[in-house]
Amino acid sequence: MKEIVDFSIFLEENSPEELKKPFYELIKRLEPYSTGKKHIFDSFIYRMNKQLALFHDLVEFVSRNKKYVVYFPLWEDISHTKEELGKAVGYLPRIKKYILQGDSKKPYQYCDECRKIIRQTGDFILPESQKIKRWNMEKRIFYLDTMMDVVFVSIPMYQYLIENNIPEECFRPVKTSRKKKLIAYQIAANNILPEGAYIDGDYIDYGLCPLCGKHQMVFDSDKYYYQEKKLDMDKITEWKDVNGTHDSYFTVPHLIFSKRLYELIIAVDPKEVFFPVYAK
């Protein structure tokens with residue numbers, strides 16, 4: 001596995017004087033990894049492989065001085081080897097090549113307390129952008145820049161998956177608002193995993209929402225390295241091609257694809273990104 005990260009790092013204004021010398025010594029060591037671009041408070045943006053010893057030193061320094069030192073990750077590129085992917089029992093889609101920017105009509109009911117999604121109430125409505133027109137000439141999967149866990153497929157990709165026995169129940173039509181023209185399909189869970197079956201170390205469980213009863217899963221900013229995704233197979237009684245997690249991450253449940261669906265997608269677009277989900 002390889003983890004590449006873009007980040008900035010800076011000192012809070014009230015930092016003690018004795019912290020400044022080791023901080024600027026660290027900044028000096030980071031200079032070869034500067035992108036030349038700047039972030040907030042005039043801090044430089046660095047790009048680095050997390051496996052480097054220097055990144056480990058940075059993590060230790062930030063962890064010791066969290067009150068005064070701010071580490072600000074901006075972008076990450078996480079890739080797994082074929083061997084790592086081959087050992088997985090499920091696959092978390094993380095499509096990075098085809099991103100649809102802009103707003104859409106989001107057909108969800110949200111919890112009034114925690115603002116997590118309770119259920120999907122209808123089909124997505126999207127404008128027929130030039131990107132979608134272009135993607136509909138090929139087998140593509142894509143997502144909205146505002147909702148990474150909502151996955152769409154072009155019409156040719158939908159037809160290809162249906163022809164290869166992925167059930168119709170795994171898809172919801174996506175149409176335009178005025179002409180009601182079919183322009184894509186949303187991949188939808190045809191199975192919901194039991195509570196606690198999916199385990200993601202990148203998130204902290206802050207307990208149950210008193211209104212909707214869902215777990216409050218919040219991204220753990222103190223985790224500097226990618227955490228493996230796992231499934232407790234002892235809790236899973238049913239496994240299908242598109243499995244939704246019991247709880248939402250950010251606001252939307254994760255989708256976990258079967259090996260069959262993953263292999264069909266990779267066969268036509270091998271550069272698509274998936275995170276492996278292993279049996280616990």
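An account of the accompanying structure is given in this report. (Residues numbered from 1 in each chain as written. Predicted model: local features only at pLDDT ≥ 70, side-chain atom pairs only at ≥ 80, totals over all residues. Heavy atoms only, no water.)

Before going further, it helps to examine the layout of surface pockets. Summary: where empty space remains is shown by rolling a probe the size of a single water molecule over the atoms. In this model, the largest pocket occupies a volume close to 1,100 Å³. Lining the largest pocket we find 41 residues, and of these Glu76, Met148, Tyr203, Phe219 and Phe250 sit closest to its centre. Listing elements by their share of the lining of the largest pocket, those giving two or more residues are β4 (69-79), β10 (147-153) and β19 (252-257). The element contributing the most residues to the lining of the largest pocket is β4, with nine residues. Classifying every residue of the lining of the largest pocket gives 22 nonpolar, four polar and 15 charged. One number sums up the size of the second largest pocket: a volume of about 430 Å³. Around the second largest pocket, the lining is made up of 21 residues, and of these Tyr108, Gln120, Ala189, Ile192 and Pro253 lie nearest the centre. For the lining of the second largest pocket, the secondary structure elements donating two or more residues are β8 (117-120), β10, β12 (182-187), β18 (242-249) and β19. Here the residues of the lining of the second largest pocket are counted per class, giving 11 nonpolar, six polar and four charged. (1 Å grid on protein atoms, 1.4 Å probe; cavity = no way out; pocket = protein on both sides within 12 Å on 5 of 7 lines; lining within 4 Å. Points joined across faces, edges and corners; volume = space filled by probe spheres on them. Helix = DSSP H or I, 4+ residues; strand = E, 2+ residues; numbered from the N terminus. Nonpolar A, V, L, I, M, F, W, Y, C, P; charged D, E, K, R; others polar.)

Bringing the sheet that holds strand β3 (residues 44-49) into the picture now. Overall, antiparallel pairing links the four strands, which are arranged β2-β3-β1-β4 in an open sheet. Among the strands making up the open sheet, the edge pair consists of β2 (34-38) and β4. Between one strand and the next, the sheet's axes are offset by a mean angle of 25°, whatever the strand orientation. The pairing of β2 with β3 spans two bridges and is antiparallel. Across the sheet, the residue bridging to serine 34 is tyrosine 46, located in β3. Contacts from helix α1 (residues 17-30) reach β1 (2-11), β2, β3 and β4 within the one sheet, and its direction differs from that of β1 by about 140°. (Pairing = 2+ DSSP bridges. Axes fitted to C-alpha atoms, helices over the stretch in contact; angles between N-to-C directions. Contact = heavy atoms within 4.5 Å.)

On to unusual backbone geometry. Of note, aspartate 42 is a non-glycine position whose phi angle comes to about 65°, a positive value. Positioned with a positive phi, lysine 180 is a non-glycine residue whose angle comes to about 55°. One can find lysine 180 in the loop between β11 (171-175) and β12.

For the rest of this paragraph, the subject is the pairing of β3. Bridge count between β1 and β3: five bridges; the pairing is antiparallel. Counted as the bridge partner of isoleucine 4 is asparagine 49 from β3.

Relative to the elements of secondary structure, proline 93 occurs in strand β5 (residues 90-93). Using a relative accessible area of 3% as the deciding quantity, one classes proline 93 as buried. In this structure, the C-alpha to C-alpha distance between proline 93 and histidine 254, residues 161 residues apart in sequence, is 8.7 Å. Excluding anything up to four places from it in sequence, proline 93 contacts Val151, Leu255, Phe257, Val273 and Phe274. (Buried < 20%, exposed > 50% of the residue type's maximum accessible area, 1.4 Å probe, protein only.)

So, about the packing of aromatic side chains. Evaluation of the coordinates by the stated rule reveals 23 aromatic pairs. A ring pair is formed by tyrosine 91 and tyrosine 262, whose centres lie 3.8 Å apart and whose planes are at 5°; its orientation type is stacked. Residue tyrosine 91 is found in strand β5, and its partner tyrosine 262 is found in helix α6 (residues 259-268); the two are separated by 171 residues along the sequence. Taking the relative accessible area as the measure of exposure, tyrosine 91 reaches 1% and is therefore buried. The exposure class of tyrosine 262 is buried, given its relative accessible area of 9%. (Phe/Tyr/Trp six-rings, centres within 6.5 Å; stacked < 30°, edge-to-face > 60°.)

Turning to the pairing of β5, a few remarks are in order. Where burial is concerned, the two faces of β5 agree: the one with Gly90 and Leu92 and the one with Tyr91 and Pro93 are both buried. Alignment of β5 against strand β20 (residues 274-279), held across four bridges, turns out to be antiparallel. Looking at β20, one finds that glycine 90 is bridged to valine 277.

Looking now at the side chain of aspartate 247. Topologically, aspartate 247 is positioned in strand β18. Buried charge without a salt bridge: aspartate 247, with lysine 214 as the nearest opposite-charge side chain at an N-O distance of 5.3 Å. At 2.9 Å, the side chain of aspartate 247 and the backbone nitrogen of histidine 215 are in polar contact. Separated by 3.1 Å, the side chains of aspartate 247 and histidine 246 make a polar contact. (Lys, Arg positive; Asp, Glu negative; His and termini not counted. Salt bridge = Lys/Arg side-chain N within 4 Å of Asp/Glu carboxyl O. Polar contact = N/O pair within 3.5 Å; in protein donor to acceptor, adjacent residues only side chain to side chain.)

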